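# Chain and residue survey
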Amino acid sequence: MWTGATMRTLRLMGAPTDAGAGTAGARLGPEALRMAGLAAALQQQGWRVADGGDLTGPRKLRYSPQMDSAALQEVVSWNRLLFQAVQEALSCGHVPLVLGGDHSLAIGSIAAVADHCQRQGLKLRVLWLDAHPDCNTPETTPSGHLHGMPLACLLGAGPARLTDLSAMRPALQPEQVRLLGVRSVDPGEEAFLAAQGLEVVRMPWVQAHGMAAALDKVLDGVDAQTHLHLSLDLDALDPQWAPGVSTPVPGGLDLAHMRWCMQRLCQSGRVGSVDLVELNPLHDVHSRTARLAVDLMVWLWAQDAQKTQSSPEVMAR
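Overview of the structure.

Right, let's talk about the overall build of the protein for a bit. Of regular secondary structure, the protein possesses twelve helices and eight strands. On the principal axes, the C-alpha backbone points of the protein span a range of 50 × 45 × 45 Å. Residue burial in the protein is summarised as follows: out of 317 residues, 60% are buried. Sequence-distant contacts in the protein: of pairs separated by 6 or more residues, those separated by 24 or more amount to 76%. Of the roughly 11700 Å² that the protein leaves accessible, carbon and sulfur atoms contribute 52%. Taking the 25 positively charged and 31 negatively charged side chains of the protein as two groups, their mean positions are separated by 5 Å.

Packed helix pairs are specified by the crossing angle of their axes together with the interaxial distance, meaning the distance between the axes. The interhelical angle for the contact between helix α10 (residues 255-268) and helix α11 (residues 288-300), taken along N-to-C directions, is 35 degrees, at an axis separation of 7 Å. Across the interface between the two elements, L255, M258, R259, M262, Q263, L265 and C266 of α10 pack against L292, L296, M297, W299 and L300 of α11. Here the residues of the contact of α10 with α11 sort into ten nonpolar, one polar and one charged.

Now for helix α9 (residues 211-219). Taken together, the buried positions of α9 are occupied by M211, A214, L215, V218 and L219. For α9, the buried positions fall inside an angular range of 120 degrees around the axis, keeping them on one side. Summarising the contacts, the buried residues of α9 are in contact with β4 (123-129), β5 (177-182), β6 (199-202), α8 (203-209), β7 (226-233) and α10. Looking at the residues trailing α9, positive phi occurs at G221, about 90 degrees.

Burial analysis of strand β8 (residues 271-277) places seven of its seven residues in the buried class, which makes it a mostly covered element. Where strand β3 (residues 95-100) and β8 come together, three bridges link them in parallel fashion. Along β8, the bridge assignment pairs L99 with L276. Taken together, the six bridges between β7 and β8 define a ladder with parallel strand orientation. What sits directly across from L230, in β8, is V274.

Now for the packing of aromatic side chains. To describe a pair of aromatic rings, you give the distance between the ring centres and the angle between the ring planes. Overall, the coordinates contain one aromatic pair when judged by the stated rule. Judged by centre distance (5.0 Å) and plane angle (70 degrees), the ring pair of W47 and W301 falls under edge-to-face. Placement of the pair is W47 in the loop between α2 (38-43) and β2 (48-54) and W301 in the loop between α11 and α12 (311-316), with a sequence separation of 254 residues. Like W301, W47 is buried.

Here the focus is the nonpolar core. Grouped together as the largest cluster of nonpolar side chains are 53 residues, with contacts concentrated most on L129, L180, M262, L265, M297 and W301. In terms of residue count, the dominant contributor to this core is α11 (nine residues). Formed by 47 residues, the second largest nonpolar core is a distinct cluster that contains L122, A152, L172 and F192.

Turning next to the side chain of S166. Mapped onto the fold, S166 is located in the loop between α6 (160-163) and β5. Side chain to side chain, S166 and D115 meet in a polar contact 2.5 Å long. With residues near it in sequence (within four places) discarded, S166 still touches F83, A111, D115 and A171.

Time to look at the packing of helix α3 (residues 69-91) against helix α4 (residues 106-120). The interhelical angle for the contact between α3 and α4, taken along N-to-C directions, is 35 degrees, at an axis separation of 7 Å. Between α3 and α4 lies a crossing of right-handed hand. Counting all contacts with α3, which are made through N79, L82, F83, V86, Q87 and L90, the residues of α4 involved are A106, I107, G108, S109, A111, A112, V113, D115, H116 and R119. The residue makeup of the contact of α3 with α4, split by class, is nine nonpolar, five polar and two charged.

Okay, the side chain of D18 next. Its location among the elements puts D18 in the loop between β1 (9-15) and α1 (29-35). Of the residues examined, D18 reaches a relative accessible area of 2% and is grouped as buried. One polar contact links the side chain of D18 to the main-chain amide nitrogen of R27, over a distance of 3.5 Å.

Reading the values: the criteria
Residues numbered from 1 in each chain as written. Predicted model: local features only at pLDDT ≥ 70, side-chain atom pairs only at ≥ 80, totals over all residues. Heavy atoms only, no water. Helix = DSSP H or I, 4+ residues; strand = E, 2+ residues; numbered from the N terminus. Buried < 20%, exposed > 50% of the residue type's maximum accessible area, 1.4 Å probe, protein only. Contact = heavy atoms within 4.5 Å. Areas by Shrake-Rupley, 256 points an atom, 1.4 Å probe, with all protein chains shown as cover. Lys, Arg positive; Asp, Glu negative; His and termini not counted. Charge placed at Lys NZ, Arg CZ, Asp CG, Glu CD. Axes fitted to C-alpha atoms, helices over the stretch in contact; angles between N-to-C directions. Nonpolar A, V, L, I, M, F, W, Y, C, P; charged D, E, K, R; others polar. Arc of directions from axis to C-beta. Pairing = 2+ DSSP bridges. Phe/Tyr/Trp six-rings, centres within 6.5 Å; stacked < 30°, edge-to-face > 60°. Core = buried A, V, L, I, M, F, W, Y, C linked by side-chain atoms within 4.5 Å. Polar contact = N/O pair within 3.5 Å; in protein donor to acceptor, adjacent residues only side chain to side chain. Left-handed = near helix turned anticlockwise from the far one by under 90°.

Purely spatial values, then, with no claim about function.
The following block contains the structure:
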């Protein structure tokens, strides 16, 4: 976490993989974020930025309509790499910012954060900001794609090689998780969410009650002893704003919602780690989604959110 001058280094780590996805493109996300000026934008907010480049892992050679042993092994390899990289960053007092890549990467990232919190005696709150709950299992998944299963894996339901990354098994407990922006849920996921008792703030609720009320629910109980992890899938945004994703879903968050969300998280001072995932440059329009992602990170890490450029200004560049 950071407050004031505490912990002023953001550690960027690219994970160029779409091994968990059913379509190509997310592996190009880290480079697109760098080309959109992520490091420079964060430095302008007063942060020291340490960019260690991309992790080196297996590259997906084919896209199967169902999960196969090769895809599973690739996802396991990438998550083991991320588990080690995030652990090392946290041990140095840095804030890890994982540049994805597909959302299956969150298994290793969040498992490392959970281990860190246990060692440090901190409470953990995970904000899963996504159009999808990503709570399928191999038994319930309609697609077979592992990027639809990471939260279930973190809660102990999934392939053993993905649920045993952390010394804590499962890595997460349901009360540590809040989901926001959800609007596309498979039948098996509905059953899983109900069984786990997960707190899910769905888009109809946000539209009825407002983003401020939604964030009150998400941040309830977050205090000075809480490490807040943001797992941000860019498909949480409506496709009109963020076309460059692999699984767009209409009816998502707009720019005002997302800016307000990033500001509130920034003001909490408790964000200690981030996944920024599912940017697919092959689907983007003139790098619009990449530039928007940079804009959101500026708001998240702003010294004074009132002085940052507005999203429309960034989108017009």
